[in-house]
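The lines below spell out each chain.
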Amino acid sequence: MEENSERLGSTHARVEGDALLVTSHVASLRDGVLAMPPGTSAILVEIGASDLNTMDEQELPSYPHSFLVSFEPLLDKYALLLAKGHRLFAGGARDVGGIPLGHHHPRGVALPLAVSPSGGPVNFTVSRVAGCSSMARFDPANSFANQACKSAVETRRVASITLEAALRLTGSLPILRLKIDAQGVDFELVRRTPPAYLRSRVEVLELETVRPDCRPLYVGQPAASEVFDHLSRLGYVPNRQADSCGRCECEVSFYRNVSLLPTRGGAAARARVARADAAAWLERAARRSCPAPLPGGQGARA
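Residues numbered from 1 in each chain as written. Predicted model: local features only at pLDDT ≥ 70, side-chain atom pairs only at ≥ 80, totals over all residues. Heavy atoms only, no water.

**Some details on the nonpolar core**
Here's step 1: Counting residues in hydrophobic clusters, the biggest one holds 48 residues, and the most contacted among them are Ile47, Phe71, Leu111, Leu167, Leu178, Ile180 and Leu231.
Here's step 2: When residues in this core are grouped by element, the largest group, five residues, is from helix H8 (residues 224–234).
Here's step 3: If we ignore the near neighbours within four places in the chain, the residues touching leucine 178 are Val45, Ile47, Leu163, Leu167, Val202, Val204, Leu205 and Glu206.
Here's step 4: Listed in part, the six residues of the second largest apolar core include Leu74, Ala114, Val122 and Val126. (Core = buried A, V, L, I, M, F, W, Y, C linked by side-chain atoms within 4.5 Å. Buried < 20%, exposed > 50% of the residue type's maximum accessible area, 1.4 Å probe, protein only. Helix = DSSP H or I, 4+ residues; strand = E, 2+ residues; numbered from the N terminus. Contact = heavy atoms within 4.5 Å.)

**Details of the packing of aromatic side chains**
Note on aromatic pairs: each is described by the distance of the centres and the angle between the planes.
Here's step 1: Counted according to the given criterion, the structure contains two aromatic pairs.
Here's step 2: Ring centres 5.5 Å apart and planes at 25° place the aromatic pair phenylalanine 138 and tyrosine 218 in the stacked group. Residue phenylalanine 138 is located in the loop between strand E10 (122–127) and helix H4 (147–150), and its partner tyrosine 218 is located in the loop between strand E14 (204–210) and H8; the two are separated by 80 residues in the primary sequence.
Here's step 3: For phenylalanine 138, a relative accessible area of 17% corresponds to the buried category.
Here's step 4: Classification of tyrosine 218 by relative accessible area gives buried; the value is 1%.
Here's step 5: Ring centres of phenylalanine 228 and phenylalanine 254 lie 5.1 Å apart, and the angle between their planes is 65°; this geometry places the pair in the edge-to-face category. Of the two residues, phenylalanine 228 sits in helix H8 while phenylalanine 254 sits in strand E17 (residues 249–256), which places them 26 residues apart along the sequence. Accessibility classification places phenylalanine 228 together with phenylalanine 254 in one group, the buried group. (Phe/Tyr/Trp six-rings, centres within 6.5 Å; stacked < 30°, edge-to-face > 60°.)

**Quick look at a nonpolar patch on the surface**
Here's step 1: Taken together, Leu8, Leu20 and Val22 make up a surface patch of nonpolar side chains, about 300 Å² in accessible area.
Here's step 2: Note that leucine 8 resides in helix H1 (residues 2–8). (Patch = residues over 30% accessible without salt bridge, like charges linked within 9 Å, V, L, I, M, F, W, Y side chains within 5 Å. Areas by Shrake-Rupley, 256 points an atom, 1.4 Å probe, with all protein chains shown as cover. Salt bridge = Lys/Arg side-chain N within 4 Å of Asp/Glu carboxyl O.)

Any functional reading would require information beyond the geometric quantities listed.
Laid out in structure tokens, this is it:
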């Protein structure tokens, strides 16, 4: 590693196998926290932004005093996010400098990082369908993805941080919505985060689950029942509708419910109610047939 760093003349640009890795300044901090506009009172976080259905367009307008932090490890998709900022700050004009570093919105910043269970450099498989790209391995016997989704174009070495580290970059403001679209590792990110810290910061948690009648796209992806059970024990309850399912994946929002947090009396009974709610949700989802893949395999994003 030292030889490769010396050959490039810098410790901030190095060769690792077939990968050229560089260290770059991607955002500004104040006292270890991302710099935010005055008057910011809450946070939105998006893990796996890509360039489709992004929170800067779909969610941020509904939260006028919030700041959005978007994580996107694929550089081409990250570049598209930064291009949004260029259009907003410079109107698309060329040769304009001074655009705030890393901003894809006046109230948002994009970071070229993956969020992984353990942090550190990870191998990221890039699919022909961007929304199928992931650090997890594809399950060839899955129920719904087409060949384009499962076709790997290349493997990239990307930097990553843990979910806890990602949230700590936002300081102590309440996180009104945490959307995780990490393609196969959504639940593992949550499971590895200290429960007390997660509860204290996150009000609404959105992640993907696999419907009971479908085989997961990725190896090791947990059953929906495991996800629901774990989150109910943390004090989060699912929305009561099963209308957020498409193909075999369901995007489910879990709401923090303080009445479900552990107390001296009645905690077990409340947990049973939460699990019953989850079971009812899964039953409604299971009654819906698993439709064929969409043309080209378009879908949710890592």
